[in-house]
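Per-entry structural report
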Amino acid sequence: MQNKNQLLKIFSFLLLALVVRFFVVDRILLETDSLWMQAVAIGVIFAIGIGYIFRGTAKVIEETTDVLKDRTGLAGGFLQALGTAFPDMIIGVMAAIVSLQVRDSDYARAINLAIIAAASTFGSNIYNIIHAAWCVSRQNLANKIDKSVMMFPGFKSGGNVRPLREHTTKPSAVEIDNAISILTALTLLTAFVAVTMVLFGQVKDARLETSGELYQLIKPVGVVLFVLCAYILYYFRKNERPESLDKNVIKAKRYYSDLSTSRIWLDLLLSGAAILLTAEGMVRAIEIFSDLTNTPFVITGILAGLIGCFGEMMVVHNFSINPNGRISDAISGVAMDNIVTTLGASIVAIMGGIFLGGNALILIFIIILASNTVLVEQITKLRNKL
């Protein structure tokens, strides 16, 4: 009975995602001329997406990856990224496809869509890292004062973070070291993208009507970036959690422990599909909102990136407040999630559809690199308490 109920719940996530994307967005938001109706539609899209679909699928991803990493030997963070990172990547890829389709007929719009593709791809990396740094900093505070603290001060609904001594299982030193290595690789990839854009990607075209400089991630660099991202994901794919730790975990009855591996993969993939459809619908809502309010395209792209990484942020949050030794999976998952989105950027570059203006380029990459540094510092503090 529980098996059937869980499957129905996951199908409800997918069904609602389909309703949001193809009814609320296509039939209401895009076809009505009423500002009031559009505002209501946007509110409904975000309420359903964040309040139900993202929250529910984050729980499924948490539970499925917990079992799959034991059965497959793959890292929990790697599996986590499979469920949460592809919406970020696909959003940028879809924007690039539309950009290429309209390039001959409307070059200015093509550039704007390409800017959205880049800003959403790299902008999502900012939110993931900053949120992860906050979660780890709350864990470090709980360790320092040796008592539970609220994840978000003043908001009990955010849950509490317990000191490590109260955790069922602590993360291992090798897992933390692995997370730091992945973050270091992400930092180097980000720097590589920024430097090659500036050195080789300046765009000079008479059709451009934009003010300031414009840079492109050129196709040869995109190919190199794709190879680097794929290699890093492959290199860090294995589960580094010592077997002795898993044996010491107090095995509460886990729903997915009694299911077949194929069924667990099905639930994970269906959850990822629900996240993708919901994210796409929310991005369309953001585009309409931006059009109505004349919001710059770079800002629209960054907001789209926030939407794409909601699922990942919720998984990290759940791993942080649940004292079952999976905070290291959360950290590794954030880094791998961002490497997957960078992989998406490489695909967009190979397609020839990723651009950023000069000021936006500098600001986005500076924030990403600074956020990575802060997260590494917090992880190092956490490691000292193991």
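This text goes with the structure placed above it.
Scoring rules and cut-offs
Residues numbered from 1 in each chain as written. Predicted model: local features only at pLDDT ≥ 70, side-chain atom pairs only at ≥ 80, totals over all residues. Heavy atoms only, no water. Helix = DSSP H or I, 4+ residues; strand = E, 2+ residues; numbered from the N terminus. Buried < 20%, exposed > 50% of the residue type's maximum accessible area, 1.4 Å probe, protein only. Contact = heavy atoms within 4.5 Å. Core = buried A, V, L, I, M, F, W, Y, C linked by side-chain atoms within 4.5 Å. Phe/Tyr/Trp six-rings, centres within 6.5 Å; stacked < 30°, edge-to-face > 60°. Salt bridge = Lys/Arg side-chain N within 4 Å of Asp/Glu carboxyl O. Expected span 1.5 Å × (residues − 1).

Considerations on the overall build of the protein chain
- The number of helices and strands found in the protein chain is 13 helices and four strands.
- Here the protein chain holds 386 residues, and 54% of them are scored as buried.
- Taking the contacts inside the protein chain whose residues are at least 6 apart along the sequence as the reference set, 80% of them involve residues at least 24 apart.

Let's talk about the nonpolar core
- L183, I331, I339 and L375 are the most contacted members of the largest nonpolar core, which has 53 residues in total.
- Mapped onto this core, the elements with two or more residues apiece are α3 (76–84), α5 (107–145), β1 (149–152), α6 (173–200), α7 (219–235), α12 (327–351) and α13 (358–383).
- Residues within four places of I331 in sequence aside, it is in contact with V136, A179, L183, I379 and L382.
- If you look at the next biggest cluster of nonpolar residues, it comprises 33 residues, including L14, L29, I53 and V60.

What to know about the side chain of S371
- Position of S371 relative to the elements: it lies in helix α13.
- The exposure class of S371 is buried, given its relative accessible area of 8%.
- Ignoring sequence-local partners within four residues, the contact set of S371 consists of I129 and I130.

Remarks on the packing of aromatic side chains
- Taken as a whole and judged by the stated rule, the model has three aromatic pairs.
- Both rings, one in Y235 and one in F236, keep their centres 5.0 Å apart while their planes meet at 85 degrees; by these two values the pair is edge-to-face.
- Its relative accessible area of 52% is what places Y235 among the exposed residues.
- Three or more aromatic residues joined by ring pairs make a cluster, and in this case those are Y231, Y235 and F236.

A short note on the pattern of salt bridges
- The tally for this structure, following the rule as stated, stands at seven salt bridges.
- Notably, a salt bridge pairs R165 with D146, separated by 2.5 Å at the nearest N-O pair. On the criterion of sequence distance, the pair formed by R165 in the loop between β2 (155–161) and α6 and D146 in the loop between α5 and β1 is long-range, its members being 19 residues apart.
- What makes D146 partly exposed here is its relative accessible area of 38%.
- Two residues, E377 and K381, come together in a salt bridge whose shortest N-O distance is 3.8 Å. A residue pair is termed a helical-turn pair when its members lie 3 or 4 positions apart in one helix, as E377 and K381 do in helix α13 at four residues.
- For K381, a relative accessible area of 42% puts it in the partly exposed group.

Looking at helix α9 (residues 261–293)
- A rise of 1.5 Å per residue sets the reference length of α9, with its 33 residues, at 48 Å; its end C-alpha atoms lie 48 Å apart and thus fit the reference within 8%.
- Where α9 ends, the next residue or the one after it, N294, has phi of about 60 degrees, a positive value.

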